[in-house]
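Survey of secondary and tertiary structure
Spelled out from the first residue to the last, the chains are:
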Amino acid sequence: MRLLLVEDDQTLSRSLAAQLQRAGYQVDCAADGREGLYFAREYSIDLAIIDLGLPGLSGVELIKTIRAEGKSYPILVLTARDRWQDKVEALKLGADDYVVKPVHVEELLARVDALLRRAGGWAQSELVCGPVRLDTRTQIVTVDGRKLDLTSFEYRLLEYLMLHAGEVLSKAQISEALYNEDFERDSNVIEVFIGRLRRKLDPNGEYKPIETLRGRGYRFALPRGSAANA
Amino acid sequence: MPARRLPAFRSLRARVIVWVSVTLTVLFAITIVGLDLAFRRSTDEAQRQLLEVQLFGLIALAETDEADELTLPNDEIDAQFQVPGSGLYGVLLDADGRPVWQSRSLLGASFPVGESLPGPGEQRYSRVDPPDLPPVETFMMAVTWEFADGHAAPYTFGIASSLEPLMTRQAAFRRNLIGWFAGITIAMLALIGSLLGWVLRPLRRLERQVREVDAGERVALTGEFPSELEPLAASLNALIDTERRRLVRYRNTLDDLAHSLKTPLAVMRTLLSELAAKEADAPSATALDALNREIDRMEQRVSYQLRRARVSGATGLGVEPVQVAPVLEDLRLGLDKVYRDKGVACELAVAPGTVFQGDPGDLTEVLGNLVDNAYKYCRHRVRVTASSGGGKLSIVVADDGRGIEPDDVTKLLERGTRADESVPGHGIGLAVVRDIVELYGGTLAIERSVLGGAAVLVEFTRARAAGQGGAVPPPSSRA
């Protein structure tokens, strides 16, 4: 999951980025509105965290521009102003949620998590696709009630696939979402991890949860929800 | 200055009317006295001349009788002397003052000679009020009559004319004079009154507009004013504008202050949580926890005080009435996003034309906090009803949650409590609402809603000029 963090206070920005990274997100940091807009335009982003009080281009302007350009990823507003007029305006212009400074990191992570889930069309914190259950809060994954032992990277890959269950995701998209930008994009690491994940999720080959679409990428093929498959 | 003491003089119109009335009365009184005096003099003079003419007429008719005495022939003299009580009387006195002839009009009454007879060759006018006649003016002339045989004897001719016709004429003149001047005074006052109406009309328009600005029905003074008032209107507009800018600047300063206070707090907190993630050993974890709690407290204080300070809490000159419905709709749109997972059904029942007389930021702050709390604590339903009329705005925000404990309601609404510290959860939001409502002199109450949860009732009244900084009256809470 690739996040854009637009925050002009360098210490806060670095510290927040570090903690978001620890939680498994890729974070691009922009120090002002203009840089933020550049990143928002150029990078494939899953969620943006935007401070309202930015130098250069204001946060409100930035949100307006991002939305005007048709970008639909969730935007979380981070602001020191807790005036309702500001909150309402930001939400009206296209933000999806707000947190007021000084924010608790846990709260920020919870909001980010919820927004990402929602963007993938999930209303609950537990993602369920047939026999596979992934709890985004506890990061516990079970298949038919059997708990899986996943590495951090495997978990993030699975979460990304499940959040976009049913969608085709290119290798480039997946690597951009899971790796830092300086990582070599067309390596076959993704293939390797997909292979491992398949073995762990479906050792007997009965579900075939991850489809490979030649030349196009991968798709988490199990239908959302448990009722259909149970 | 009597102008300070008499309430009547506080009106410009009254001042002018009083001044004009007094001045005209004095001026006209002097004029009336002068004219009356002049008229009286001239009529008195005319009367004397008439008396003189008549006296000389008598002298011309005087003749000697058989007894060699001077007398007047009754059949030749003027008819007025013949008619009793005609008001014109004549007499001829001998040297001893005995009448040798008197006109028939006297009808037995004696001629009002006065105190004494004029000396030889003397003429005398006098006014006499005799007991048996109405007041008269007399003219007497002492002459020495030379008879045909050459001897001479002193005689006095006297004539008296009733003053009544003269006095009647003079009184009528005076009455006419007073009547005319009174008429002129009244006409002038009426004219001045209408002139004042015309002159003061722009002033009244100005006053009305200022009142409307104060009531929040108008943003600035508009229209053309007379050149004397133009500078005043311009100054007032400048004042209104300055006031508005001042408020904006003040809020910007507070925003900057919030930013500059909260960003360091945010930095501290994230650094602490970074540290906490690295330092697993117990002693530093406890210290970090303690630090975190301090940051929380600081954050609460800063947040609460800044939000409090930002409340404009009043008309603020030149603030337009705020439509309530759009504010609620925007709020619902925003909160629906924020609480999307919860799937809240928020129902807005706003009567058409519901307005808030005050600062839009204050209204958004009140509604934002109340509706956000409702979304947060409801199960699935929130209902906001609002209506205004008769200078009152009533808002009820209800939800179907657990409601607020009666003890907490008491704490939240108790005057003088630090609401930000009294009830966690609803705390800051409701505390800010309470402060705003207090500043507007409104009322705040918390009841149980028909939906099952809490219902927060807010009522703002327009007549709040004296309610500035006023208290929240005892809530009609069921608690």
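This is a predicted model, so every value here is computed, not measured.

Cut-offs used in this document
Residues numbered from 1 in each chain as written. Chains lettered and ligands numbered in written order. Predicted model: local features only at pLDDT ≥ 70, side-chain atom pairs only at ≥ 80, totals over all residues. Helix = DSSP H or I, 4+ residues; strand = E, 2+ residues; numbered from the N terminus. Contact = placed C-beta atoms within 7 Å. Buried ≥ 20, exposed ≤ 12 C-beta atoms within 10 Å, placed from the backbone. Core = buried A, V, L, I, M, F, W, Y, C linked by C-beta atoms within 7 Å. Pairing = 2+ DSSP bridges. Axes fitted to C-alpha atoms, helices over the stretch in contact; angles between N-to-C directions. Parallel < 35°, antiparallel > 145°, perpendicular 65-115°, else oblique. Left-handed = near helix turned anticlockwise from the far one by under 90°. Nonpolar A, V, L, I, M, F, W, Y, C, P; charged D, E, K, R; others polar. pLDDT = per-residue confidence, 0-100. Expected span 1.5 Å × (residues − 1). Arc of directions from axis to C-beta.

1. Brief notes about the overall build of chain A
On a plain count of helices and strands, chain A comes out with eight helices and twelve strands. Considering only residue pairs separated by 6 or more positions, chain A has 58% of its internal contacts joining residues 24 or more positions apart.

2. Some words on the overall build of chain B
A tally of helices and strands in chain B yields ten helices and 14 strands. Taking all 479 residues of chain B together, 29% fall into the buried category. Of all intrachain contacts in chain B linking residues separated by at least 6 positions in sequence, the fraction that spans at least 24 positions is 63%.

3. Concerning the nonpolar core
Grouped together as the largest cluster of nonpolar side chains are 124 residues, with contacts concentrated most on Ala48 of chain A together with Val371 of chain B. Apart from residues lying up to four places away in sequence, valine 371 of chain B is in contact with Leu331, Leu335, Val382, Val384 and Val397 of chain B. Within the second largest apolar cluster, 21 residues are counted, among which are Leu106, Val136, Phe139 and Val143 of chain B.

4. Details of the pairing of strand β14 (residues 454-461) of chain B
Remark: a regular strand shows side chains that alternate across the two faces of the sheet. Residues and elements named next belong to chain B. β14 sits mainly inside the fold: six of its eight residues count as buried. For strand β12 (residues 392-399) and β14, the ladder comprises seven bridges, and the chain directions are antiparallel. Directly across from alanine 398, in β14, lies its bridge partner alanine 455. As defined by bridge partners, strand β13 (residues 443-448) adjoins β14 across six bridges and the pair is classed as antiparallel. Directly across from arginine 448, in β14, lies its bridge partner alanine 454. Connecting the antiparallel pair β13 and β14 is a turn made up of five residues, with glycine 452 showing a positive phi of about 115°.

5. Quick word on unusual backbone geometry
Residues and elements named next belong to chain A. Put simply, lysine 101 and proline 102 share a cis peptide bond, and its omega is -5°. Mapping proline 102 onto the fold places it in the loop between β5 (97-100) and α5 (105-119). Phi at glutamine 139 takes a positive value of approximately 60°, unusual for a residue other than glycine. Examined against the element boundaries, glutamine 139 turns out to sit in the loop between β7 (132-135) and β8 (140-143). The exposure class of glutamine 139 is partly exposed, given the 14 C-beta atoms found within 10 Å. With a phi close to 50°, aspartate 144 is a non-glycine residue in the positive phi region. Within the fold, aspartate 144 resides in the loop between β8 and β9 (146-147).

6. Description of the packing of helix α6 (residues 324-338) of chain B against helix α7 (residues 360-377) of chain B
All names here are of chain B. Relative to each other, α6 and α7 sit at 40°, their axes nearing to 10 Å. Viewed along their axes, α6 and α7 adopt a mutual orientation that is oblique. Here α6 runs over α7; the crossing is right-handed. For the pair α6 and α7, contact is made by Val327, Leu328, Leu331 and Leu335 and by Leu363, Thr364, Leu367, Gly368, Val371, Asp372 and Tyr375, respectively.

7. Side note on the packing of helix α2 (residues 33-42) of chain A against helix α3 (residues 59-68) of chain A
Residue and element names in this part refer to chain A. It is at 10 Å that the axes of α2 and α3 come closest, and there the two elements cross at 20°. When the axis of α2 is compared with that of α3, the two are roughly parallel. The handedness of the crossing between α2 and α3 is right-handed. Where α2 approaches α3, its residues Gly33, Gly36, Leu37 and Ala40 are matched on the opposing element by Gly59, Glu61, Leu62, Thr65 and Ile66.

8. Remarks on the interface of chain A and chain B
Contacts between the two partners involve 29 residues from chain A, matched on the other side by 32 residues from chain B. Considering only residue class, the side of chain A that touches chain B consists of twelve nonpolar, six polar and eleven charged.

9. A few points about the sheet that holds strand β6 (residues 136-146) of chain B
Residues and elements named next belong to chain B. The strand order β4-β3-β7-β6-β5 describes an open sheet built from five strands, whose pairing is antiparallel. Strands at the two margins of the open sheet, each flanked by one partner only, are β4 (99-102) and β5 (123-128). On average, each strand axis in the sheet is tilted by 20° relative to the strand beside it, whichever way the strands run. With eleven bridges connecting them, β6 and strand β7 (residues 152-162) associate as antiparallel partners. In the sheet register, methionine 140 faces β7, and the bridge partner there is glycine 158.

10. Brief notes about the sheet that holds strand β6 (residues 126-129) of chain A
All names here are of chain A. The strand order β6-β7-β8-β9 describes an open sheet built from four strands, whose pairing is antiparallel. Each edge of the open sheet carries a strand with a single partner, namely β6 and β9. Taken together, the four bridges between β7 and β8 define a ladder with antiparallel strand orientation. Within β8, the residue paired with valine 132 across the bridge is valine 143.

11. Things to note about the pairing of β7 of chain B
All names here are of chain B. Of the strand pairs in this sheet, strand β3 (residues 88-93) and β7 are connected by six bridges, and their pairing is antiparallel. For glycine 90, the partnering residue across the bridge sits in β7 and is isoleucine 159. Hairpin connection between β6 and β7: a loop of five residues separates the two successive antiparallel strands, and glycine 150 in this loop has a positive phi of roughly 105°.

12. A few points about the confidence of the model for chain B
Residue and element names in this part refer to chain B. Overall, the prediction assigns chain B a mean pLDDT of 82, with 89% of residues at 70 or greater. Between the elements of chain B, mean pLDDT differs from a low of 45, seen in helix α9 (residues 419-422), to a high of 93, seen in strand β9 (residues 345-350). In this model residues 463-479 is a low-confidence stretch, pLDDT under 50, and it forms 36 contacts with partners more than four residues away in sequence or in other chains. Of the two predicted TM-score estimates for the complex, the pTM is 0.62 and the ipTM is 0.76.

13. Considerations on the environment of valine 60 of chain A
Tracing the sequence through the fold places valine 60 of chain A in helix α3. For the pair valine 60 of chain A and aspartate 86 of chain A, spaced 26 residues apart in sequence, the C-alpha separation works out to 9.0 Å.

14. Describing helix α6 (residues 152-163) of chain A
Every α-helical turn comprises 3.6 residues, leaving residues that sit three or four positions apart pointing alike. The end-to-end C-alpha distance of α6 of chain A is 16 Å, a good match for the 16 Å that twelve residues give at a rise of 1.5 Å each. Of the positions making up α6 of chain A, those classed as buried are Arg156, Leu157, Leu158, Glu159, Tyr160, Leu161, Met162 and Leu163 of chain A.

15. Side note on helix α7 (residues 171-178) of chain A
Residues and elements named next belong to chain A. Along α7, the residues classified as buried are Ile174, Ala177 and Leu178. For α7, the buried positions fall inside an angular range of 85° around the axis, keeping them on one side. Residues of α7 that are buried make contact with β1 (2-6), β2 (26-30), α6, β10 (168-169) and α8 (189-201).

16. Quick word on the environment of aspartate 359 of chain B
Mapping aspartate 359 of chain B onto the fold places it in the loop between β10 (355-356) and α7. In the structure, aspartate 359 of chain B is positioned 48 residues away from valine 311 of chain B in sequence and 8.5 Å away in space, judged by C-alpha atoms.

17. Structural notes on the environment of proline 130 of chain B
All names here are of chain B. Assignment of secondary structure puts proline 130 in the loop between β5 and β6. Along the primary structure proline 130 and serine 110 are separated by 20 residues, whereas in three dimensions their C-alpha atoms are 9.2 Å apart. Leave out the neighbours within four places in its chain, and proline 130 touches Pro112 and Val136.

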